[in-house]
Amino acid sequence: MEFLDLAPFVSAGGTVRLPGSKSISNRVLLLAALAEGVTEVRDLLHSDDTERMLEALQQLGVGVESLGGEAYRIGGVGGPFPVKEAELFLGNAGTAFRPLTAALALAGGHYVLKGVARMHERPIGDLVDGLRQLGAEVRYLGNDGFPPLEIFPASIRAGGVLQVRGDVSSQFLTALLMALPLTGVETRVEVVGELISKPYIEITLATMARFGVEVQREGWQAFVVPAGVRYVSPGTVYVEGDASSASYFLAAGAIGGGPLRVEGVGKDSIQGDVRFAEALALMGARIEMGPNWIEARAPASGKLQAIDLDCNHIPDAAMTLATAALFAEGTTVLRNIASWRVKETDRIAAMATELQKLGAIVEEGPDYLKVTPVPALKPAAIDTYDDHRMAMCFSLAAFATPLRINDPKCVAKTFPDYFERLATVTRSVPVIAIDGPSASGKGTVAARVAAALGFGYLDSGALYRLTALAAQRAGVDWDDEAGVAAVAAGLEVVFGEGSIRLAGEEVEGAIRTEEISQGASKVAALPAVRAALLFRQRVFRCGAGLVGDGRDIGSVVFPDSRLKVFLTASAEVRAERRYKQLIGKGFPANMQAILLDLRERDRRDSERSVAPLQQNEDAVLLDTSGLTIDQAVDQVLDWYGSAS
Ligand SMILES: Nc1ncnc2c1ncn2[C@@H]1O[C@H](COP(=O)(O)OP(=O)(O)OP(=O)(O)O)[C@@H](O)[C@H]1O
Ligand SMILES: Nc1ccn([C@H]2C[C@H](O)[C@@H](COP(=O)(O)O)O2)c(=O)n1
């Protein structure tokens, strides 16, 4: 499984230009395709969901031309799709699947619409029921009420009154409204039940109006699509930035200090999710808005406050409130979010499970979620359920703890470069990496630098030594990669001041013997062991900063270290230091044997295939052969001062 480890963030601020809105992008693409004339679509979102829509439109005979960047030229077909037979794969794109189902049901052709497994679990029955009232012939190819679907040519009896449920997904109403102008006759659509996610219907109506079709509205209960209307290209359409995507950055500004400004949405936005900013303001964040931007800063008091909110108007962005709640005082309650259960995954269940991994106290109900934070969140590997919003929301937890996000590329659904952009507006806990060969003095220098700066200290070699010792004690051969990796993954270690406890027993002395040194060097050459110890090392990054010493701290464990030092000394000097060190601790020692052992470990550490010992080009060389410890420490502190 792919993963992304996020270092804990200490602050956030700056400006982010948002990618185009998914909801607007796919609506604009469909209406541009059905319209008369050519539409130039600018600032379109590049993502899996828009890709699925573009591919489908091309298959259906629509002219799609990339103009480079985020611009496309769509040659409208001026009515129903000309291609009358097609099988479409729409991934997990609800904003493509639902509206295309409606448009194709009225197109007089034979079509099959499929998606990924999760899409086949997302309900579509209410939309199909609505279309059948018009005479559409739609067959379920799997379970009743769910995709995949087969659509047949049918004689459509348009006009009159049509009823559609509005309390499961507003996309059913959106799909019907956007397709009905294809019939040319007046149709009244009545919503059964309380319409959820109303702001998305506002987007639908605004986009239809942009393409020349004005729907008459009776509150949220009935909508009339007039007779004789047709879509006409407005020429060029600019897609607004995605307001749901803005929520992660605004929350980051509120948690991490800010000011953090998002550009692409603001006061003039047609997207309901801009009201996420109001929810954040209720939590105490300081919010400012311009026509096309929103800016968030931490509360003046420094601490966010819990809220109790009906989130029906911001169903997607409300997910961000669930993780922002980790930073608020009190219990946050998010209500009226039943629609989360039928999204990319059951988001209420997924959110509850993953928040609990971090240590938060969570209560889930059929349509609500209660989140109570704890003072110290636990590092955790967060599962994302193939849900882009899970991945993006949980990135906020990195303001409290080191974090692993599993399957981070799921963000491609709406925001392919989300993590890269997040990195540009966040600052992480600083790291000084001191790598180098055995007995060069890394540990001594690293520990003193850490003390001078008030940083934590990671002796990464100790983890390989502990693994070798624990494997030996468990009777696992040091060459048994899977066996040793399992031992590494399950190490029960507590690091203290001058003490290391393995399964409750003090082992600081036991891991420093020459036998265990050789064992550590052997197990460190096994890729599965290195993988098992990676996150364990990364969770040391917390507090004011970290100094880590080892072989691959700067190259693999913390490649974004603020300062990387390759600390070395000649083999003879190192052997002499180790000799004195052992004698000083009362251990027997032989200079020649130590020199031979050091050279053998140097060779093994440098020649192994993964993370070999080597000076990387971004590391500065510190040869301590002729330096005292104080001189070496001062040099590192001096370099760090210049690097920060
Ligand atoms: N610049 C120096 N001058 C003299 N002695 C030093 C210097 N740096 C470290 N030493 C001594 O060398 C010995 C080995 O140092 P240390 O244990 O820090 O090395 P290391 O690189 O961390 O080794 P290992 O990789 O095996 O853990 C210690 O006794 C330390 O006091
Ligand atoms: N980041 C690291 C740290 C250590 N090792 C290996 C190399 C050594 O042979 C062994 C013990 O390390 P030491 O305590 O001597 O620093 O662990 C490594 O491969 N990567």
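Residues numbered from 1 in each chain as written. Chains lettered and ligands numbered in written order. Predicted model: local features only at pLDDT ≥ 70, side-chain atom pairs only at ≥ 80, totals over all residues. Heavy atoms only, no water.

Per an unreviewed UniProt entry, the chain is named Multifunctional fusion protein, and its organism is Azospira oryzae. What the UniProt record of the chain gives under Subunit (unreviewed entry) is the line "Monomer." Under the heading Pathway (unreviewed entry), UniProt records this for the chain: "Metabolic intermediate biosynthesis; chorismate biosynthesis; chorismate from D-erythrose 4-phosphate and phosphoenolpyruvate: step 6/7." (UniProt positions renumbered as here; feature names shortened; annotations may be inferred.)

Visitor: Any chance you could explain the site of ligand 2 here in plain terms?
Guide: In the region of ligand 2, 16 residues are neighbours, and Arg 465, Arg 530, Asp 552, Arg 601 and Arg 608 sit closest. A distance of 3.0 Å separates a nitrogen atom of ligand 2 from a polar side-chain atom of Ser 460. A distance of 2.8 Å separates an oxygen atom of ligand 2 from a polar side-chain atom of Arg 530. In isolation ligand 2 has 440 Å² of accessible area, and contact with the protein removes 97% of it. Cavity membership is defined here by more than half of the atoms lying within 2 Å of grid points; on that basis ligand 2 lies in the largest pocket. Contributing elements (two or more residues each) for the shell around ligand 2: α14 (460–474), α16 (514–523) and α20 (591–607). (Near = heavy atom within 4 Å. Polar contact = N/O pair within 3.5 Å; in protein donor to acceptor, adjacent residues only side chain to side chain. Areas by Shrake-Rupley, 256 points an atom, 1.4 Å probe, with all protein chains shown as cover. 1 Å grid on protein atoms, 1.4 Å probe; cavity = no way out; pocket = protein on both sides within 12 Å on 5 of 7 lines; lining within 4 Å. Sits in = over half its atoms within 2 Å of the grid points. Helix = DSSP H or I, 4+ residues; strand = E, 2+ residues; numbered from the N terminus.)

Visitor: Teacher, can you tell me more about the UniProt feature "domain: Cytidylate kinase" (unreviewed entry) in the chain here?
Guide: Here the UniProt feature "domain: Cytidylate kinase" (unreviewed entry) sits at residues 432–638. Its end C-alpha atoms 12 Å apart, residues 432–638 is made of 50% helix and 16% strand.

Visitor: So what exactly am I meant to see when it comes to the sheet that holds strand β9 (residues 149–152) here?
Guide: By way of backbone hydrogen bonds, the strands of a sheet pair with one another, either parallel or antiparallel. With respect to topology, four strands assemble into an open sheet ordered β6-β7-β9-β8, the strand pairing being mixed. Edge positions in the sheet fall to β6 (85–89) and β8 (137–140), since each of these pairs with one other strand and no more. The mean inter-strand angle of the sheet, taken between neighbouring strand axes irrespective of direction, is 15°. Here four bridges tie β8 to β9, and the two strands are oriented antiparallel to one another. Bridged to Glu 137 within β9 is Phe 152. On top of the sheet, helix α4 (residues 125–133) reaches β8 and β9; it is set at about 150° to β8, its chief contact. (Pairing = 2+ DSSP bridges. Axes fitted to C-alpha atoms, helices over the stretch in contact; angles between N-to-C directions. Contact = heavy atoms within 4.5 Å.)

Visitor: Would you take a moment to explain helix α21 (residues 629–643) for this structure?
Guide: Given 3.6 residues per turn, any residue in an α-helix points the same way as the ones three and four places further on. Given a rise of 1.5 Å per residue, 15 residues ought to cover 21 Å, and the 21 Å separating the end C-alpha atoms of α21 matches this to within 8%. Every buried residue belonging to α21 is among Ala 632, Val 633, Val 636 and Tyr 640, and all of these are buried. Buried residues of α21, seen end-on, are gathered within an arc of 100° and therefore sit on one face of the element. Opposite the buried face of α21, at more than 90 degrees from it, the exposed residues are Asp 638 and Ser 642. Where the residues of α21 are buried, they touch β27 (431–435), α13 (442–453), β33 (563–568) and β34 (620–623). (Expected span 1.5 Å × (residues − 1). Buried < 20%, exposed > 50% of the residue type's maximum accessible area, 1.4 Å probe, protein only. Arc of directions from axis to C-beta.)

Visitor: In this structure, what is going on with the pattern of salt bridges? I would like to understand it.
Guide: Pairing is possible between side chains of opposite charge, provided their charged atoms come close. Tallying each qualifying case throughout the model produces 50 salt bridges. Across the pair Arg 297 and Glu 288 runs a salt bridge whose closest N-O atoms are separated by 3.6 Å. For Arg 297, a relative accessible area of 29% puts it in the partly exposed group. Put simply, Arg 530 and Asp 552 hold a salt bridge, and the shortest N to O gap is 2.9 Å. Note that Arg 530 is positioned in helix α17 (residues 527–538) and Asp 552 in the loop between β32 (546–550) and α18 (553–557), a separation of 22 residues in sequence. (Salt bridge = Lys/Arg side-chain N within 4 Å of Asp/Glu carboxyl O.)

Visitor: What exactly am I supposed to notice about the pairing of β33 here?
Guide: Across a regular strand the side chains alternate sides, sitting on one face of the sheet and then on the other. The buried fraction of β33 is high, at six of six residues. Along β33, one buried face is formed by Leu 563, Val 565 and Leu 567 and the opposite face, lined by Lys 564, Phe 566 and Thr 568, is buried too. Examined bridge by bridge, β27 and β33 share four bridges and lie parallel to one another. Bridged to Ile 432 within β33 is Leu 563. Both β33 and β34 contribute to a ladder of four bridges, which runs parallel. In the sheet register, Val 565 faces β34, and the bridge partner there is Val 620.

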